[in-house]
Amino acid sequence: MDPTPARPKARSQAQPQSHHASHDREIESLAEFDSVVSAHGTLAHYRVQAVDLTARTDALMSADPTGAVFLGCPMAPEAATRVRAAGALVFPPIPGLPFDPYRGRVYSPDELYARLDGGYEATPDALAHDWFQQTKADGDVFASMLRAIHDDSVSDAIDELLTGVRVVGVMGGHAMARGTRSYAGAARLGRELARAGFTVATGGGPGAMEAANLGAYAAPFDDGMLDDALLLLAKVTSFTPSITDWARSAFEVRERWPGGGASVGIPTWFYGHEPPNAFAAHIAKYFANATREDGLLARSNAGVVFLPGAAGTVQEIFDNATPNYYESRGEPTPMVLVDRAHWTEKLPAWPLLTSLARGRTMESRIALVDRIEEAPEALKRLGG
């Protein structure tokens, strides 16, 4: 996947637009703002999202803002007063938050791990998690509203990013350690899927998720790069006891081999013990785990590979099976479960899945394979 896919922006005139054209009315950077004002001389009915407009007072004082919405855009007081009086709706920035609820882009690893030199506890990712822990049970409607706005903004951003892209989800547990055959196999799976033209999407955390994102990152390099990266990462096998050391080793790989392939991670602050991995170029991180789970699976439009995992992965299997069973998202998408013993004996999800699928369209879209290396061919056979 191109790490910065082109998105149509700010092309339309000032008349109100249909829901389907709404993304064309979004302004998410200063360059887009300047382009709209220069081309049309109006901001009417646009949505300006998380853009610092403190240096654009003249434009805000002169352009027509009728029906415009400004979401978290810093601006001079006189500019804010003027656009409100002229018919705009202004949601001001919220001071003191460790995150921007109105953000117009998904996260990057560098953004979430900024200040990692001071330890993981100093990073924006850790600070957002701490805020979540402090507010999630206090019953404050304002805090819950901020979480909802943030998550909706992230959903909007990932939808824009993945428009027209063939996405294969790779699901699996966080316990899969670096330095193991399973981890190496998951990484090679991610690499093969990326080289086949798919965008790899994972839950964005450690273990199997990190391995698949690593594989996609390694896709543009020769095969030896992944072998060397696996050896380097094996020096810090897990994110416990030190997330700092675990994350630093990933950034060491990225620094040694810059410019890797792009993939997507969709993690959550709900599982605070699961930090995001640094190999997903695009990270859509959520506060609400249910929103994150459904969104990850719904966006895996070319199928899902389920590696061995525990409760979270079992939940994902049946979260994915349900819309396939009812065909509520259209034609069922492929589901490939990896490791026969795991899914028939240790956690026997496969017998239940086959019973659900029997006699339905989805029956021809599920497969169980023994080894990770068999998953791409199974996905292709099922029509991924």
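Residues numbered from 1 in each chain as written. Predicted model: local features only at pLDDT ≥ 70, side-chain atom pairs only at ≥ 80, totals over all residues. Heavy atoms only, no water.

*Asks:* Can you walk me through the packing of aromatic side chains in this structure?
*Replies:* Centre-to-centre distance and the angle between the planes together describe a pair of aromatic rings. A complete count under the given rule lists 14 aromatic pairs for this structure. The interplanar angle of 80° and the centroid separation of 5.6 Å between the aromatic rings of Tyr 113 and Phe 251 together place this pair among those described as edge-to-face. Here the residue Tyr 113 occupies a position in the loop between α4 (109-112) and α5 (124-135), and Phe 251 occupies one in helix α10 (residues 243-256), the gap between them amounting to 138 residues. The exposure class of Tyr 113 is buried, given its relative accessible area of 4%. Of the residues examined, Phe 251 reaches a relative accessible area of 10% and is grouped as buried. Through a chain of ring-to-ring contacts, three or more aromatic side chains come together here, namely Phe 99, Tyr 107, Trp 131, Phe 132, Trp 269 and Phe 287. (Phe/Tyr/Trp six-rings, centres within 6.5 Å; stacked < 30°, edge-to-face > 60°. Helix = DSSP H or I, 4+ residues; strand = E, 2+ residues; numbered from the N terminus. Buried < 20%, exposed > 50% of the residue type's maximum accessible area, 1.4 Å probe, protein only.)

*Asks:* So what exactly am I meant to see when it comes to the nonpolar core here?
*Replies:* If you look at soluble globular proteins, the nonpolar side chains tend to sit buried side by side. If you look at the biggest cluster of nonpolar residues, it comprises 50 residues, and the most contacted ones within it are Leu 214, Leu 307 and Val 336. Listing elements by their share of this core, those giving two or more residues are β5 (167-171), α7 (181-195), α8 (208-218), α9 (223-233), α10, β10 (335-338), β11 (366-369) and α15 (375-382). By residue number, the principal contributor to this core is α8, which donates 7 residues. Setting aside residues no more than four positions away along its own chain, Leu 307 makes contact with Val 170, Met 171, Gly 172, Ala 186, Leu 189, Ala 208, Thr 313, Val 338, Trp 343 and Ile 372. Counting 44 residues, the second-largest nonpolar core is a separate cluster that includes Ala 128, Leu 146, Ala 157 and Phe 287. (Core = buried A, V, L, I, M, F, W, Y, C linked by side-chain atoms within 4.5 Å. Contact = heavy atoms within 4.5 Å.)

*Asks:* Looking at this structure, I do not really get the sheet that holds strand β2 (residues 47-49). What am I missing?
*Replies:* Through backbone hydrogen bonds, the strands of a sheet pair up, either in parallel or in antiparallel fashion. Reading across the sheet, the 4 strands line up as β1-β2-β3-β4 and stay open at both edges, with parallel pairing between neighbours. Among the strands making up the open sheet, the edge pair consists of β1 (26-27) and β4 (89-91). In this structure, β1 lies alongside β2, joined through 2 bridges in parallel fashion. Residue pairing in the sheet places Glu 26 in a bridge with Arg 47 of β2. (Pairing = 2+ DSSP bridges.)

*Asks:* Explanation requested: helix α14 (residues 349-357) in the structure shown.
*Replies:* At 3.6 residues per turn, the α-helix brings residues three or four places apart onto the same side. Inspection of α14 places Ala 349, Trp 350, Leu 353 and Ala 357 among the buried residues, and these make up the whole buried set. One side of α14 carries all its buried residues, which in axial view fall inside an arc of 95°. Those residues of α14 that are buried are in contact with α12 (311-326), β10, α13 (340-346) and β11. After α14 finishes, the residue Gly 359 shows a positive phi value of roughly 80°. (Arc of directions from axis to C-beta.)

*Asks:* Looking at this structure, how should I read the pairing of β10?
*Replies:* Each regular strand carries side chains that alternate between the two faces of the sheet. Residues Met 335 and Leu 337 line one face of β10 and the alternating positions Val 336 and Val 338 line the opposite face, and both faces are buried. In the sheet, β10 pairs with β11 via 4 bridges, with the strands oriented parallel. Within β11, the position partnered with Leu 337 by the bridge is Leu 368.

*Asks:* Can you help me understand a nonpolar patch on the surface in this one?
*Replies:* Taken together, the side chains of Val 141, Phe 142 and Met 145 define a hydrophobic patch exposed on the protein surface, amounting to about 290 Å² of accessible area. Summarising the element assignment, Met 145 is placed in helix α6 (residues 141-161). With a relative accessible area of 39%, Met 145 lands in the partly exposed category. (Patch = residues over 30% accessible without salt bridge, like charges linked within 9 Å, V, L, I, M, F, W, Y side chains within 5 Å. Areas by Shrake-Rupley, 256 points an atom, 1.4 Å probe, with all protein chains shown as cover. Salt bridge = Lys/Arg side-chain N within 4 Å of Asp/Glu carboxyl O.)

*Asks:* What exactly am I supposed to notice about the side chain of Arg 299 here?
*Replies:* Counting through the fold element by element, Arg 299 comes out in the loop between α11 (289-298) and β9 (304-306). With relative accessibility at 16%, the residue Arg 299 sits in the buried group. With residues near it in sequence (within four places) discarded, Arg 299 still touches Ser 155, Ile 158, Asp 159, Leu 162, Val 167 and Tyr 286.

*Asks:* Please explain α5 as it appears in this structure.
*Replies:* Between its terminal C-alpha atoms α5 stretches 16 Å, which fits the 16 Å expected from 12 residues at 1.5 Å a residue. Considered for burial, the residues of α5 that qualify are Pro 124, Asp 125, Ala 126, Ala 128, His 129, Trp 131, Phe 132 and Thr 135. Against the buried residues of α5 lie α4 and α6. (Expected span 1.5 Å × (residues − 1).)

None of this, on its own, says anything about what the molecule does.
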